[in-house]
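# A structural walkthrough
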Amino acid sequence: MSHRKTAWAILTLTVLALCLTASVPDAAAQKKGGVLKVGNLGEPPTLDAHWTTATITEVLAQHIYEGLYSLDARSQPIPMLAEGMPAVSKDGLTYTFKLRQGIKFHNGKEMTSADVVASLNRWGAQSTYGKTLYARVAEVRAVDKYTVEMKLKEKTAIVLISLAIPNNAAAIYPKEIVDKFKPAEKATEWVGTGPFKLVEWKPDRHIKMARFDDYQPRKEAASGYGGRKIAYVNELLWIPVPDAATRVAQIETGELDFADDLDLNAYERLKNSPGVQAIVAKPYYWLVAVFNKKEGLMTNQKLRQAWQAALDMEPIMKNVAGGHRELYRMDSSLAFVENAPWHTKLQGLPWNEHDRDKAKRLLREAGYKGEPIRFMTTQEYKWMYDFALLSKQQLEDAGFTIDLQVVDWATLVKRRNNSKEYDVFTTGMGNFYDPTHHIYLGPNWPGWTDDEELNRLLAELAREGDYKKRFMLWEQVTRTFYDRVPVARYGDLFGLRAMRGYVKGFDATLMRPRFHNVWLDK
Amino acid sequence: MATYLFRRLLALLPVMLVVVTVVFLLIHLIPGDPVAVILGPEANAQQIEDARRELGLDRPLHEQLLRFYARLLRGDLGRSYFLDRPVTQALWERAEPTLVLMAAALFVAVLIGVPSGIVAGAYQGSWWDRGLMTLALLGVCVPGFWLSLNFIYLFSVRLGWLPVAGYASVFQDPVAAARYMLLPAVSLGFNQSALIARIARSCMIEVLRQDYIRTARAKGLAERSVIFLHAFRNALVPVVTVIGITTAILIGGAVVTEIVFNIPGLGRLIISAILRRDYPVVQGVVLLTAAAYMLINLMVDVVYAHIDPRIRYA
């Protein structure tokens, strides 16, 4: 018997050892050195992470800056510049953050609580997510050199997630920079604590970042956007290449080591290109038609329901994805599958019904007389134009009259803020890490969803701290969403990236690319 | 001549004033908002309003125009909303790639266009004429971007002879600069060479019908001397006009070429500025382009006098 036990123990240990060996990358294989050339679609509007929600800024800035918290592979907050998780008072109104000691900014200065307090206050005054959190914050103060305390006006569940999200992030800057650039003014000096420091920004040529030699990685294993980050490459060279076809050609010839935001039609070509690895970026966006609920035709809920009932999403998604099944996903959850804590699996939702009779009935009930519905889209993002065009055809078959207005992106983002100028507009929804961050469910974003029931549920979600209760509330939000139809949710579209075969260590599961822990094997 | 030049340069001022005013009004009147683009897709209306105030975009249009004039008088073109630097600096940084591209493309256009036109005109109706004019027709018809993409596919992706895209300064690394510039210059210059070839051919044919050419032949001059010494120079005046126009067209044509070949020049700058409504940059580039157009025209007029002694400016 004991022999058998010993044998089982040896076997178990062997299997465990094998698993560990397989999961940990071969340390000897990781090489330091080289320049990683990344082709992206253009110039960021700024590198001030507090200032914009633009994706390109997020991607670049997250290599320079860090926040107190980051997100792990399950999109859960994990400590980054904070030593650990905060101490929360019993009444849930005081959060105490212990900072890591000896963390250096790229200018050589040590990070202290003064920098953190100043940065958080700036972020709270300017960032979309910061403003949401700061509406509930009474005070943020330095307790001592390495301790920061946040006092809340009311109990809320969104403190950690708000501090951890990478978009429009709560990045920590040196206090001197915060003092120099007030919240409404873009910072033009970019100093952080991240594994790469900014060396040079030559617009339309490149943004050059170099390894920050004084960077102190965390001890924990890399996970998601956080954990142990090591800059293996000497330099990151971000090259703006506005033409997608040129980016494809440059990755094929090896002029670029990594190319982001590629045209989905290039998928087959890249898959068959020697030395190139095509990467399907999941998730990318869920496609969405946003209804103007402040004034005009689409304030009528029946009309919005008719829109939702009329659409046959699968052919639309397939077409937008260039005919590739692996580049889109049919899903009704408001949170992506990859955002596991908030992904719902509710059955019987009125999504993708393609029920023309129901749509016609709802149109009759809405009292719709064929008035043209102004549907605004842009060709600057081909996928937006494609799904708007295909929707128009299906909707007109169901009895709608669609006035498709194609404008450039700058016009669209201006007009969508004026309720008199449109009825519906196209856009994409990225990953929202907390249910309270879904902008299209609230009254402050174009489309102006101001539904009593949704507002009540979201307020409760912001207050409630227990995950199970929050998830049930989130399911109620999802059901209410499909009844009120503040926006029409289409399927999930994936993005396309490509890299040369010698680029190693890249985490393809991340929604936005990160190049720490990436090395060149050539 | 000096008085003439001074008068012409003085005449630039009112034209420039009209150009900047029209451009200012056009770019501000078309819909679109730089602030909404800067702040990103998730910004709300309040944030947008705050940032508009910060940039002075909430002021009445006439007030913004007067401020623009005042800055212009001080030689200040303003500050880019996106690039975090003065417009003059942004223009200066991008002038070199565009000028190098234009010069290289013009060189290609003249190198192909003028000899082709002369040969076709001198041997009208021959196979040379038909072949070259068919090529010229193709050159006019084929869109520049299509040619560019095919060049990239053939010479860069398939054959690997030249880089796909990019730019190296001719002053820092002339060899790399030549490798980067060859495909853009040929694809941009080929289109224009077709126009030059067709004009050169017509002029050559017209000149070769003149009495003095018949006289030259009657004197027993060799055909080469007739063509190059007597006909060519007289056929050149309209060709110089076309080359001048071509240079001006290249400023516009460079936009597409710069995008496809990722050349960080003025063309790329204005496209991104228009798309993002970076008003000061758009105004700056248009002002510079308008000045370049007018100066090119002036240079063409000056060159006339050197080619044709009968032309004199009071």
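Residues numbered from 1 in each chain as written. Chains lettered and ligands numbered in written order. Predicted model: local features only at pLDDT ≥ 70, side-chain atom pairs only at ≥ 80, totals over all residues. Heavy atoms only, no water.

### Details of the interface of chain A and chain B
Contacts between the two partners involve 49 residues from chain A and, on the opposite side, 45 residues from chain B. For the chain A and chain B pair, buried surface summed over both sides reaches about 3800 Å², with 52% attributable to carbon and sulfur atoms. The largest share of the area that chain A buries against chain B comes from A:Pro203, A:Asp204 and A:Arg205, three residues that together contribute 15% of it. Seen at the junction of chain A and chain B, the total is four salt bridges. Between A:Asp204 and B:Arg94 there is a salt bridge whose closest N-O contact spans 3.2 Å. Listing elements by their share of the side of chain A that touches chain B, those giving two or more residues are helix 4 (128-134), strand 10 (235-240), helix 7 (244-253) and helix 13 (409-415) of chain A. (Contact = heavy atoms within 4.5 Å. Buried area = accessible area lost by both parts, 1.4 Å probe. Salt bridge = Lys/Arg side-chain N within 4 Å of Asp/Glu carboxyl O. Helix = DSSP H or I, 4+ residues; strand = E, 2+ residues; numbered from the N terminus.)

### Focus: the side chain of A:Asp492
Along the polypeptide, A:Asp492 turns up in strand 17 (residues 487-500). Only 2.8 Å separates the side chain of A:Asp492 from the side chain of A:Arg489, close enough to count as a polar contact. (Polar contact = N/O pair within 3.5 Å; in protein donor to acceptor, adjacent residues only side chain to side chain.)

### What to know about empty space enclosed by the protein
Residues and elements named next belong to chain A. This structure, assessed with the given rule, holds three cavities of 30 Å³ or more. For the largest cavity, the calculated volume is near 100 Å³. If you go around the largest cavity, you meet 15 residues; those closest to its centre are Gln62, Glu66, Gly67, Tyr69 and Ala164. Of all the secondary-structure elements, those providing two or more residues to the lining of the largest cavity are strand 2 (69-71) and helix 5 (159-164). In terms of residue class, the lining of the largest cavity is built from ten nonpolar, three polar and two charged. Here the second largest cavity is characterised by a volume of approximately 40 Å³. (1 Å grid on protein atoms, 1.4 Å probe; cavity = no way out; pocket = protein on both sides within 12 Å on 5 of 7 lines; lining within 4 Å. Points joined across faces, edges and corners; volume = space filled by probe spheres on them. Nonpolar A, V, L, I, M, F, W, Y, C, P; charged D, E, K, R; others polar.)

### Some details on the packing of helix 7 of chain A against helix 7 (residues 144-158) of chain B
Direction vectors running N to C along helix 7 of chain A and helix 7 of chain B enclose 5°, while the axes themselves pass 11 Å from each other. In this view, helix 7 of chain A runs roughly parallel relative to helix 7 of chain B, as classed from their interaxial angle. Contacts between helix 7 of chain A and helix 7 of chain B involve A:Ala245, A:Ala249, A:Glu252 and A:Thr253 from the first element and B:Leu149, B:Ile152, B:Ser156 and B:Val157 from the second. Of the residues in the contact of helix 7 of chain A with helix 7 of chain B, the class split is five nonpolar, two polar and one charged. (Axes fitted to C-alpha atoms, helices over the stretch in contact; angles between N-to-C directions. Parallel < 35°, antiparallel > 145°, perpendicular 65-115°, else oblique.)

### Concerning the confidence of the model for chain B
Residues and elements named next belong to chain B. Summing up the model confidence of chain B, the mean pLDDT is 87 and the portion of residues at 70 or higher is 99%. Helix 3 (residues 45-55) is the least confidently modelled element of chain B, averaging 81 in pLDDT, while helix 5 (residues 87-122) averages 92, the highest of any element. Model confidence for the complex is summarised by a pTM of 0.86, with the ipTM given as 0.79. (pLDDT = per-residue confidence, 0-100.)

### With respect to a nonpolar patch on the surface
Residues and elements named next belong to chain B. Together, Phe145, Trp146, Leu149 and Val256 give the surface a local cluster of nonpolar side chains, amounting to about 380 Å² of exposed area. By residue number, the principal contributor to the nonpolar patch is helix 7, which donates three residues. In this fold, Leu149 is placed in helix 7. Taking the relative accessible area as the measure of exposure, Leu149 reaches 34% and is therefore partly exposed. (Patch = residues over 30% accessible without salt bridge, like charges linked within 9 Å, V, L, I, M, F, W, Y side chains within 5 Å. Areas by Shrake-Rupley, 256 points an atom, 1.4 Å probe, with all protein chains shown as cover. Buried < 20%, exposed > 50% of the residue type's maximum accessible area, 1.4 Å probe, protein only.)

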